[in-house]
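Now for the letters of each chain:
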Amino acid sequence: MKIDPERFLSDLHHLRTFGAAGVGKGVVRPAFSQADVAARRWLAGRMGEAGLRVELDAMGNLFGLAEGPSLLMGSHSDSQPEGGWLDGALGVIAALEVARAAKEAGGPAISVVSFQDEEGRFGGLTGSSVWSGHTPLAKADGAAAYDGVSLREARAAVADMVTGEVDPSQFTGFIELHIEQGLTLDAAGERIGVVTEIVGTREIPVTFVGQQNHAGTTQMHLRRDAFQGLSAFNGLLNDRLRNVVTPTTVWTIGHLEVHPNASSIVPGRVSFSMQWRDGDADRLRRMEQIVRETAAEVAAEWGLEVSFGPMWELEPVAMDVRLRGALEEAAEEVAPGRWRKMPSGALHDATNVARLMPVAMLFVPSIGGISHDFAEDTEEADLVAGLEVLAGAALRLN
Ligand code: HGY
Ligand code: MN
Ligand code: MN
């Protein structure tokens, strides 16, 4: 099997043009946006040209299928609201390159997938969650993006491309190439990470409601200021989580809406995303208890009402030993002594696909550990190294 690095890099740079942010190599390509749909149409064309059978399911997951039983490779091609050019895209284009090189060589049978809405405009890892049966499409359809658009409305944009459901039983396993999105490999001067497990996560939308009032005439002791409540919550939470976390546990308040968000009005309401991640399921549960208790305590102290939305949860997942072994052998061949086994602090579609079949992942370095930012980047030589390891693993598993 002879992969073509130039063809691979050319497609990877072409995918970047869909939703190019005009800042560095960044992209703005949220699920079902005009740029995302145009990218899917282009990817479908490239899959067809590679001799793969193109299928798109109702959730917008795009597949390029080999005949008969095949190893599935891929990732996602949607982006965060401010995304890097490689997050997801690398895995999709690398899979496409391995699939067409394999087809040209007469085997092995490799299929390709670009999952929809991994970045969670409508929830989180939505496309693979629906495909793996973890979330019924009818339930996912009700989810609304922060701009108010529902998934049901959004996915009408690809209705003409939908061919039907894609049966997971045709696949022997799934391997996802992804950028590390952290600093470990770059700092160590290593080229490849073979993933051992993917962390689990919890996310709850939280709302504090107090009393909107005049910022000049409402004395401090009379206020029921929802933002003060959030500020107290955040400080207390940091103190209390210290007792249960490890150096790799993370927690984030990333999305925040202050109402009415005016400089002369005491905020009557704040709504925010409370997300945390760890490799240990018990620790995730312990942290949930602390989050809920601390929010209720702060609400009582500040005269606020607190409410919690539906929680999104994913359990930690270990990678398949056999698939991982093929990646490790290929990594030693491509980057002898410059690879390592490591956990993934980022979430990936592989977590959902693991409900259906054996899965494994491999990483290439992120320069400066930057991701979910327009500045995300990786040396092209390392991108090609990742492709070579992916191809090497495919041959070993054949
Ligand atoms: O948040 C994540 O880990 C993934 O990049 N969506
Ligand atoms: Mn990703
Ligand atoms: Mn991402």
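Owing to the predicted nature of the structure, the values given are computational and were not obtained by experimental measurement.

Caption draft 1: Structural context of the overall build of the protein. The number of helices and strands found in the protein is twelve helices and 17 strands. Taken against the 2.2 N^0.38 rule, which gives 21 Å for 398 residues, the C-alpha radius of gyration of the protein at 22 Å falls within 12% of a compact globule. Along the longest, intermediate and shortest principal axes, the C-alpha atoms of the protein span 75 × 45 × 40 Å. For the protein, the residues scored as buried account for 54% of the 398 residues in total. Sequence-distant contacts, at least 24 apart, represent 78% of the contacts inside the protein between residues at least 6 apart. In the form shown here, the protein has an accessible surface area of approximately 16000 Å², with 51% of it arising from carbon and sulfur atoms. Averaging the positions of the 34 positive and the 54 negative side-chain charges in the protein gives two centres separated by 1 Å.

Caption draft 2: Inspection of unusual backbone geometry at higher detail. For the bond from G107 to P108, the omega torsion is 0°, close enough to zero to count as cis. As for its placement among the helices and strands, P108 is situated in the loop between α3 (89–104) and β4 (110–115). Positive phi, normally seen in glycine, also occurs at F32, with a value near 65°. Checked against the element boundaries, F32 lands in the loop between α1 (5–16) and α2 (34–49). Although it is not a glycine, H372 sits at a positive phi angle of roughly 55°. Note on placement: H372 falls in the loop between β17 (359–364) and α12 (380–396). Overall, H372 belongs to the partly exposed group, its relative accessible area being 40%.

Caption draft 3: The coordination of the manganese ion (ligand 3), seen in detail. Taken together, D87 (OD), E119 (OE), E119 (OE) and H372 (NE2) make up the protein donors of the manganese ion (ligand 3), found 2.1 to 2.6 Å from the metal. In primary-sequence terms, the residues that donate to the manganese ion (ligand 3) follow D-x31-E-x252-H. Between the manganese ion (ligand 3) and the manganese ion (ligand 2), the interatomic distance is 3.4 Å, and D87 donates to each metal, bridging them. Note that E119 is positioned in the loop between β4 and α4 (126–131) and H372 in the loop between β17 and α12, a separation of 253 residues in sequence.

Caption draft 4: View of the site of ligand 1. Lining the immediate environment of ligand 1, one finds E118, E119, Q181, R277, A346, L347 and H372. Here E118 contributes a side-chain N or O atom positioned 3.2 Å from a nitrogen atom of ligand 1. One of the backbone N or O atoms of L347 is found 2.7 Å from an oxygen atom in ligand 1. Protein contacts shield 90% of the accessible area of ligand 1, which totals 220 Å² for the unbound molecule. Broken down by class, the residue content of the shell around ligand 1 amounts to two nonpolar, two polar and three charged.

Caption draft 5: View of the environment of G182. Among the structural elements, G182 can be located in the loop between β5 (171–179) and α7 (184–188). Judged by relative accessible area, G182 falls into the buried class, the value being 18%. In this structure the C-alpha to C-alpha distance between G182 and D282, which are 100 residues apart in sequence, comes to 24 Å. Sequence-distant contacts of G182, defined by excluding residues within four places in its chain, comprise S366 and G369.

Caption draft 6: Structural view of the coordination of the manganese ion (ligand 2). In this structure, H76 (NE2), D87 (OD) and H178 (NE2) serve as the protein donors to the manganese ion (ligand 2), at separations of 2.1 to 2.3 Å. Here the donor residues of the manganese ion (ligand 2) share one chain and are spaced in sequence as H-x10-D-x90-H.

Caption draft 7: Examining the nonpolar core more closely. Among the nonpolar cores identified, the biggest contains 71 residues, and F8, L12, L90, I175, I192 and L383 are the most heavily contacted of them. Discounting chain neighbours no more than four positions away, the residues touching L383 are F8, L9, L12, W85, L86, L90, V364 and T378.

Caption draft 8: Summary view of the side chain of N352. Within the element layout of this structure, N352 appears in helix α11 (residues 349–353). Aside from chain neighbours lying at most four places away, what touches N352 is L125, S128, S129, S132, H134 and L314.

Caption draft 9: A look at the packing of α1 against α12. For the pair α1 and α12, interaxial distance at closest approach is 11 Å and the crossing angle is 115°. Considering their axes alone, α1 and α12 lie roughly perpendicular with respect to each other. Helix-helix and strand crossings are classified by hand; for α1 and α12 the assignment is right-handed. Across the interface between the two elements, P5, F8, L9, L12 and H13 from α1 touch E380, L383, V384 and L387 from α12. Here the contact of α1 with α12 is built from residues that sort into seven nonpolar, one polar and one charged.

Caption draft 10: Region of the structure containing the pairing of strand β2 (residues 62–65). Both faces of β2 are covered, namely the face carrying L62 and G64 and the face carrying F63 and L65. The pairing of strand β1 (residues 53–56) with β2 spans four bridges and is classified as antiparallel. For L56, the partnering residue across the bridge sits in β2 and is L62. Counted along the chain from β1 to the antiparallel partner β2, the turn is five residues long, and its residue G60 has a positive phi close to 90°. Pairing analysis gives three bridges linking β2 to β4, with the strands arranged antiparallel. Paired with F63 across the strands is V113, a residue of β4.

Caption draft 11: Structural view of helix α9 (residues 281–302). An ideal rise of 1.5 Å per residue puts 32 Å on 22 residues; α9 measures up with 32 Å between its terminal C-alpha atoms. Along α9, the positions that sit buried rather than exposed are L284, M287, E288, I290, V291, T294, A295, V298 and A299. Check the buried side of α9 and you find it contacts β7 (200–209), α8 (226–241), β9 (250–252), β12 (269–278), β13 (305–308) and β14 (312–314). Where α9 starts, the residue carrying a side-chain oxygen 2.7 Å from the main-chain nitrogen of D282 turns out to be D280. Backbone geometry just downstream of α9 places G303 in the positive-phi region, at approximately 70°.

Calculation notes
Residues numbered from 1 in each chain as written. Chains lettered and ligands numbered in written order. Predicted model: local features only at pLDDT ≥ 70, side-chain atom pairs only at ≥ 80, totals over all residues. Heavy atoms only, no water. Helix = DSSP H or I, 4+ residues; strand = E, 2+ residues; numbered from the N terminus. Rg over C-alpha atoms; globule rule 2.2 N^0.38 Å. Buried < 20%, exposed > 50% of the residue type's maximum accessible area, 1.4 Å probe, protein only. Contact = heavy atoms within 4.5 Å. Areas by Shrake-Rupley, 256 points an atom, 1.4 Å probe, with all protein chains shown as cover. Lys, Arg positive; Asp, Glu negative; His and termini not counted. Charge placed at Lys NZ, Arg CZ, Asp CG, Glu CD. Donors = N, O, S within 2.8 Å, 3.2 Å for Na, K, Ca; no water. Near = heavy atom within 4 Å. Polar contact = N/O pair within 3.5 Å; in protein donor to acceptor, adjacent residues only side chain to side chain. Nonpolar A, V, L, I, M, F, W, Y, C, P; charged D, E, K, R; others polar. Core = buried A, V, L, I, M, F, W, Y, C linked by side-chain atoms within 4.5 Å. Axes fitted to C-alpha atoms, helices over the stretch in contact; angles between N-to-C directions. Parallel < 35°, antiparallel > 145°, perpendicular 65-115°, else oblique. Left-handed = near helix turned anticlockwise from the far one by under 90°. Pairing = 2+ DSSP bridges. Expected span 1.5 Å × (residues − 1).

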